[in-house]
Amino acid sequence: MIIERTEDWVKERLAHDTTGHDWYHIDRVRKVAVMLAEKENADQQIVELAALLHDTIDDKIVANEQVAVEEVKKFLVEQGLPKPALYKVLAIIQTISFSKGQELSLLEAKIVQDADRLDAIGAIGIARTFQYSGARNQPIYDPTLSVRGQMTREEYRHGKSSAINHFYEKLLQLKDGLHTQTAKEVAEKRHALMEQFLDQFFLEWEGNA
Ligand code: ADP
Ligand code: NI
């Protein structure tokens, strides 16, 4: 089955990631994406394949995105995936990254992006943010670093920041960018938890809790 072979292929590639893109991130995104696809009447196979493959071309993980796209394409051709589905999957994984800020037209792309974004908020989102920050040698919080507003992709990736600033630079905005009604409903609780976490964090920071 193409789904199982894709799982194995992705596991091999992401097994050792410590930046928040490990296999269990992929598996959570896949499960939520399939659930959204059912509720929103989208093509399940395309959604599941794109969810499984969505981070294998990420420029945080691979040295060259274009080379990685070619590898995914070769893999899917070998699996005998029909051309229309293949091109949709490739289009989805190349357009959904937050940092690219692209408009999405395919429902299946919106669903995979929603699922990926849901995994960046809530309890898991908090955990991943601190893991990513540690992996990039960023502090938990540094009051001398101000929260950055609009920034270029380069600044977003390589400028100085902290785990706490990342909540204000990205995570608290994710809820409003979700596409599907189902994902918006799931996001409510996760968003509220991040707000509570930040309130408590600053109370403790000042020694007031
Ligand atoms: P992007 O959408 O920016 O490409 P990802 O969604 O791949 O980023 O990020 C993976 C995880 O790392 C997410 O949980 C995200 O919130 C977190 N992360 C990304 N950039 C930063 C950062 N600069 N500081 C802290 N956490 C980050
Ligand atoms: Ni992801």
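The paragraphs below set out a description of the structure included in this document. This one's a predicted model, so the numbers in the text were calculated from it and none came from an experiment.

## Some remarks on the site of ligand 1
Around ligand 1 sit 15 residues in total, of which His21, Lys60, Gln138, Tyr156 and His166 are the nearest. At a separation of 2.9 Å, an oxygen atom of ligand 1 approaches a polar side-chain atom of lysine 60. In the model, a nitrogen atom of ligand 1 is placed 3.0 Å from a nitrogen or oxygen of the glutamine 138 side chain. The fraction of the free accessible surface of ligand 1 (540 Å²) that becomes covered by protein chains is 96%. More than half of the atoms belonging to ligand 1 lie within 2 Å of the grid points that define the largest pocket. Elements represented by at least two residues in the shell around ligand 1 include exactly α7 (122-135) and α8 (153-158). Per-element accounting of the shell around ligand 1 gives the leading share, 4 residues, to α7. Within the shell around ligand 1, the residues separate by chemical class into 4 nonpolar, 6 polar and 5 charged.

## As for helix α10 (residues 181-205)
With 25 residues, α10 extends 36 Å from end C-alpha to end C-alpha; this agrees with the ideal 36 Å at 1.5 Å per step. Alanine 187 marks where α10 bends most, by close to 35°. Every buried residue belonging to α10 is among Thr182, Ala183, Ala187, His191, Met194, Leu198 and Phe201, and all of these are buried. Lining the buried residues of α10 we find α2 (23-39), α6 (107-118), α7 and α9 (163-169). With its phi angle positive at about 75°, glycine 207 sits one or two positions after the end of α10.

## Observations regarding the nonpolar core
Membership of the largest hydrophobic core comes to 56 residues, with the highest contact counts inside it found for Val10, Leu53, Val72, Leu76, Leu81 and Val89. For this core, the elements supplying multiple residues, two or more each, are α1 (2-14), α2, α3 (44-53), α4 (65-78), α5 (83-95), α6, α9 and α10.

## Observations regarding the layout of surface pockets
Taken as a whole, the largest pocket spans an internal volume of roughly 810 Å³. As for the largest pocket, its lining consists of 44 residues, and the residues nearest its centre are Lys60, Tyr132, Tyr156, Arg157 and Lys170. Taken together, the elements giving at least two residues each to the lining of the largest pocket come down to α6, α7, α8 and α9. The dominant element in the lining of the largest pocket, judged by the number of residues it contributes, is α7, at 5 residues. When its residues are assigned to classes, the lining of the largest pocket shows 10 nonpolar, 17 polar and 17 charged.

## Focus on the coordination of the nickel ion (ligand 2)
Looking at the metal site, the nickel ion (ligand 2) is ligated by His25 (NE2), His54 (NE2), Asp55 (OD) and Asp116 (OD), spaced 2.1 to 2.5 Å from it. What the 4 donor atoms of the nickel ion (ligand 2) show is an angle range of 83 to 170° at the metal, which sorts the shape as irregular. Coordination of the nickel ion (ligand 2) draws on donor residues from a single chain, spaced H-x28-H-D-x60-D in sequence. Linking histidine 25 in helix α2 with aspartate 55 in the loop between α3 and α4, this pair joins segments that are 30 residues apart in sequence.

## Focus: the pattern of salt bridges
Under the defined criterion, the tally for this structure stands at 11 salt bridges. Two residues, aspartate 27 and arginine 30, come together in a salt bridge whose shortest N-O distance is 3.0 Å. Within this pair, aspartate 27 and its partner arginine 30 are both found in helix α2, separated by 3 residues, close to a single helical turn. Overall, the relative accessible area of 9% leaves arginine 30 in the buried class. A salt bridge links arginine 28 to aspartate 119, with the shortest nitrogen-to-oxygen separation between them at 2.7 Å. In this pair, arginine 28 is assigned in helix α2 and aspartate 119 in the loop between α6 and α7, connecting sequence segments 91 residues apart. Where salt bridges share partners, they join Glu7, Asp27, Arg30, Lys31 and Glu48 into one cluster.

Conventions adopted
- Residues numbered from 1 in each chain as written.
- Chains lettered and ligands numbered in written order.
- Predicted model: local features only at pLDDT ≥ 70, side-chain atom pairs only at ≥ 80, totals over all residues.
- Heavy atoms only, no water.
- Near = heavy atom within 4 Å.
- Polar contact = N/O pair within 3.5 Å; in protein donor to acceptor, adjacent residues only side chain to side chain.
- Areas by Shrake-Rupley, 256 points an atom, 1.4 Å probe, with all protein chains shown as cover.
- 1 Å grid on protein atoms, 1.4 Å probe; cavity = no way out; pocket = protein on both sides within 12 Å on 5 of 7 lines; lining within 4 Å.
- Sits in = over half its atoms within 2 Å of the grid points.
- Helix = DSSP H or I, 4+ residues; strand = E, 2+ residues; numbered from the N terminus.
- Nonpolar A, V, L, I, M, F, W, Y, C, P; charged D, E, K, R; others polar.
- Expected span 1.5 Å × (residues − 1).
- Bend = angle between axes of the 7 residues up to and from the residue.
- Buried < 20%, exposed > 50% of the residue type's maximum accessible area, 1.4 Å probe, protein only.
- Contact = heavy atoms within 4.5 Å.
- Core = buried A, V, L, I, M, F, W, Y, C linked by side-chain atoms within 4.5 Å.
- Points joined across faces, edges and corners; volume = space filled by probe spheres on them.
- Donors = N, O, S within 2.8 Å, 3.2 Å for Na, K, Ca; no water.
- Tetrahedral: all angles 85-135°; square planar, octahedral: opposite > 155°, others 65-115°.
- Salt bridge = Lys/Arg side-chain N within 4 Å of Asp/Glu carboxyl O.

In short, shape yes, function no, at least from these values alone.
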